[in-house]
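Remarks on the overall topology
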Amino acid sequence: MATFGTALSDRETARRVEDDQRDGLGPGVQGTPTFFVEGTRISTPGSYEAFKALIDDRLSG
């Protein structure tokens, strides 16, 4: 946490964090990880295999 606090005390870093937070709030992101596929927020897959299957399905369609 000390390293994070030191990094965040830099104005440029703080601005980037605020920009990222604002970008996430628009589409309703409240935490990480949050995934979007083709602009639609999806539930966090329970496993790598489930996530891969979702992506493979979208790519094949």
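You'll find the structure just up there.
1. Describing the overall build of the protein
When its secondary structure is counted, the protein shows 3 helices and 2 strands. For the protein, the α and β elements follow one another from N to C terminus as α-α-β-β-α. Reported as C-alpha extents along the three principal axes, the dimensions of the protein are approximately 45 × 25 × 15 Å. Per-residue burial over the protein gives 8% buried out of 61 residues. Carbon and sulfur atoms make up 54% of the accessible area of the protein, which amounts to about 5200 Å² in all.

2. Re the packing of aromatic side chains
Per the counting criterion, the structure on display carries 1 aromatic pair. Ring centres 4.6 Å apart and planes at 50 degrees place the aromatic pair Phe-35 and Phe-51 in the tilted group. Remark: Phe-51 occurs in helix α3 (residues 48-60) and Phe-35 occurs in strand β1 (residues 35-37); sequence separation between them is 16 residues. Residue class for Phe-35 comes out partly exposed when judged on its relative accessible area of 25%.

3. Side note on the pattern of salt bridges
Applying the stated criterion across every chain, the model contains 5 salt bridges. The closest approach of N and O atoms between Arg-15 and Glu-12, which form a salt bridge, is 2.6 Å. Remark: Glu-12 and Arg-15 occur in helix α2 (residues 11-25); sequence separation between them is 3 residues, near one turn of the helix. With relative accessibility at 39%, the residue Arg-15 sits in the partly exposed group. The exposure class of Glu-12 is partly exposed, given its relative accessible area of 40%. If you follow the salt bridges from partner to partner, you end up with Glu-12, Arg-15, Asp-19 and Arg-22 in one network.

Cut-offs applied
- Residues numbered from 1 in each chain as written.
- Predicted model: local features only at pLDDT ≥ 70, side-chain atom pairs only at ≥ 80, totals over all residues.
- Heavy atoms only, no water.
- Helix = DSSP H or I, 4+ residues; strand = E, 2+ residues; numbered from the N terminus.
- Buried < 20%, exposed > 50% of the residue type's maximum accessible area, 1.4 Å probe, protein only.
- Areas by Shrake-Rupley, 256 points an atom, 1.4 Å probe, with all protein chains shown as cover.
- Phe/Tyr/Trp six-rings, centres within 6.5 Å; stacked < 30°, edge-to-face > 60°.
- Salt bridge = Lys/Arg side-chain N within 4 Å of Asp/Glu carboxyl O.

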